[in-house]
Amino acid sequence: MNWNRKDNIQTDHMQIGFIGAGKVGVSLGKYLKEKGRKIGGYYSLTRESAAWAAEFTGTKCYESLEEAVSSCDMILFTVPDSSITKVWEEAKPFASGKLVGHCSGLYSSQIFSGAGSIECLTCSIHPLFAVSSKEHSWKELSEVLFTIEGDAVCLHALETMFQSMGNHTRIISAENKIKYHAAAAVSSNYMTALFAMAEDLFLECGFGEEEARKELYKLAKGNLDHILAQGCAGSLTGPLERGDLETIEKHLDALDFEKSEVYQKCAGYLVKVARKKHPDRDYSAISQRCSSR
């Protein structure tokens, strides 16, 4: 293929292949296929998983890495992050002139070392979404933001491809990928840790597990709705926002060491948010109390 000008990249006519048949690869392949994109099929170390993915998406099960790479114009490496480099080195002999990418939120397209020497374009495409199911997660991808990074010559075409399917997109630089991924982990995975801690405290208070989860979910969801509408500072309530050190002291004294450590770290960061909401309010006592515990 000729990659000299971005106008030459016609994603509508590209056949897309997947190396790796896990949750992300299957979900993205099914989604793209349902949106009318040409999906070649799947290759995986485990033929059984590739065959299942191919049947589920109505595509082909490739028998070798060479066949998968050679048969497609765009190849997405949807393998575990730790395996991308190894699998790329195995695929490189067959990848001349291809558009190669991965779906890691952590790594940039620079992980495809030596791609330029074989006239490959490289990209990373990350759905900002917790993909939890091979069979069902694809149905939710229409509402998902895709962050795109890579060779400048292909960014416009990739943006256009996802926007034409109704998705929001965001171009991100290679140097910001790790920070971006950390933010995603905090807002998704680490939020689960805080919710689990709150749930444990409710259980200690005599709540049943289902009741605790249901009631805390309503409380958390309401706060997330307020954050969306008003921003973090605008939605902040509670004892810290009021500057109520006495209540915070009682909370800390009631918690075991592990939970109090989590509480004080969160409180320390929340002081920054509270100061944005009330720049004239003195939070120094709370800040000192939480940092000294």
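Our structure's up above, just so we're on the same page.
To keep things clear, this report deals only with the structure shown in the data block. (Residues numbered from 1 in each chain as written. Predicted model: local features only at pLDDT ≥ 70, side-chain atom pairs only at ≥ 80, totals over all residues. Heavy atoms only, no water.)

**A look at helix α2 (residues 47–57)**
1) Next: Within the span of α2, buried status applies to Ser49, Ala50, Ala53, Ala54 and Thr57. One face of α2 carries all of its buried residues, which in axial projection span an arc of 135°. Counted as exposed and oriented over 90 degrees from the buried face of α2: Glu48 and Glu55.
2) Next: In this structure, the buried side of α2 is in contact with α1 (23–34), β2 (38–43) and β3 (60–61). (Buried < 20%, exposed > 50% of the residue type's maximum accessible area, 1.4 Å probe, protein only. Helix = DSSP H or I, 4+ residues; strand = E, 2+ residues; numbered from the N terminus. Arc of directions from axis to C-beta. Contact = heavy atoms within 4.5 Å.)

**Comments concerning the packing of helix α6 (residues 177–204) against helix α10 (residues 257–277)**
1) Next: Interhelical geometry of α6 versus α10 gives an angle of 130° and a closest axis separation of 12 Å. Considered as vectors, α6 and α10 are oriented oblique to each other. You can see that α6 and α10 cross each other, and the crossing is left-handed. Between α6, through Leu194, Met197, Asp200, Leu201 and Glu204, and α10, the contact on the second element is made entirely by Lys259, Val262 and Cys266.
2) Next: A class-by-class count of the residues in the contact of α6 with α10 yields five nonpolar, no polar and three charged. (Axes fitted to C-alpha atoms, helices over the stretch in contact; angles between N-to-C directions. Parallel < 35°, antiparallel > 145°, perpendicular 65-115°, else oblique. Left-handed = near helix turned anticlockwise from the far one by under 90°. Nonpolar A, V, L, I, M, F, W, Y, C, P; charged D, E, K, R; others polar.)

**Here we look at the pairing of strand β6 (residues 121–127)**
1) Next: The buried fraction of β6 amounts to seven of the seven residues, a majority that puts the element mostly inside the structure.
2) Next: Residue alternation in β6 divides its side chains into two sets, Leu121, Cys123, Ile125 and Pro127 and Thr122, Ser124 and His126, and both sets are buried.
3) Next: As paired elements, strand β5 (residues 99–102) and β6 share four bridges and run parallel to each other. Residue pairing across strands places His102 opposite Ser124, the latter belonging to β6.
4) Next: Two elements, β6 and strand β7 (residues 145–150), share five bridges in a ladder whose sense is antiparallel. Bridging from a neighbouring strand, His126 pairs with Thr147 of β7. (Pairing = 2+ DSSP bridges.)

**Comments concerning the packing of aromatic side chains**
1) Next: In total, this model carries seven aromatic pairs according to the counting rule given.
2) Next: A centroid spacing of 5.4 Å and a plane angle of 55° characterise the contact between Phe77 and Phe112, whose relative ring orientation is tilted. Here Phe112 lies in the loop between β5 and β6 and Phe77 lies in strand β4 (residues 74–77), a separation of 35 residues in the sequence. Pair check on accessibility: Phe77 and Phe112 agree, each one buried.
3) Next: Taking 4.2 Å as the distance between ring centres and 20° as the angle between the ring planes, the aromatic pair formed by Phe202 and Phe207 counts as stacked.
4) Next: Every member of this aromatic cluster is reached through a ring pair, and the members are Phe77, Trp88 and Phe112.
5) Next: Across from the ring centre of Phe56, 4.9 Å away, lies the NZ or CZ of Lys30, which sits over that ring.
6) Next: Here the guanidinium or amino end of Lys30 rests over the ring plane of Trp138, the centre of that ring lying 5.4 Å away. (Phe/Tyr/Trp six-rings, centres within 6.5 Å; stacked < 30°, edge-to-face > 60°. Lys NZ or Arg CZ within 6 Å of the ring centre and 35° of its normal.)

**So, the environment of Glu215**
1) Next: Mapped onto the elements of the fold, Glu215 is located in helix α7 (residues 209–235).
2) Next: For Glu215, a relative accessible area of 32% corresponds to the partly exposed category.

**A few points about the sheet that holds β3**
One key point about sheets: their strands pair by backbone hydrogen bonds, in either a parallel or an antiparallel sense.
1) Next: Strand order across the open sheet formed by eight strands is β3-β2-β1-β4-β5-β6-β7-β8, with mixed pairing between neighbours. Each edge of the sheet is formed by a strand with only one pairing partner; in this case those strands are β3 and β8 (168–171).
2) Next: One ladder, built from four bridges, connects strand β1 (residues 15–19) with β4; its direction is parallel. Residue pairing in the sheet places Phe18 in a bridge with Leu76 of β4.
3) Next: Along the sheet, α1 makes contact with β1, β2, β4 and β7, crossing β2 at roughly 160°.

**Description of the pattern of salt bridges**
1) Next: Per the stated rule, a full pass over the model turns up 15 salt bridges.
2) Next: Note that Glu89 is salt-bridged to Lys92, the shortest N-O span being 3.3 Å.
3) Next: Residue class for Glu89 comes out partly exposed when judged on its relative accessible area of 38%.
4) Next: Among the ionic pairs, Glu241 bridges to Lys277, the shortest N-O distance being 3.6 Å. Of this pair, Glu241 sits in helix α8 (residues 239–242) while Lys277 sits in helix α10; the two residues are 36 residues apart in sequence, bridging distant segments of the chain.
5) Next: Relative accessible area serves as the criterion here: at 12%, Glu241 is assigned to the buried category.
6) Next: Judged by relative accessible area, Lys277 falls into the partly exposed class, the value being 30%.
7) Next: Overlapping salt bridges, with partners in common, bring together Glu199, Glu209 and Arg213 in one network. (Salt bridge = Lys/Arg side-chain N within 4 Å of Asp/Glu carboxyl O.)

Nothing here speaks to function; it is geometry throughout.
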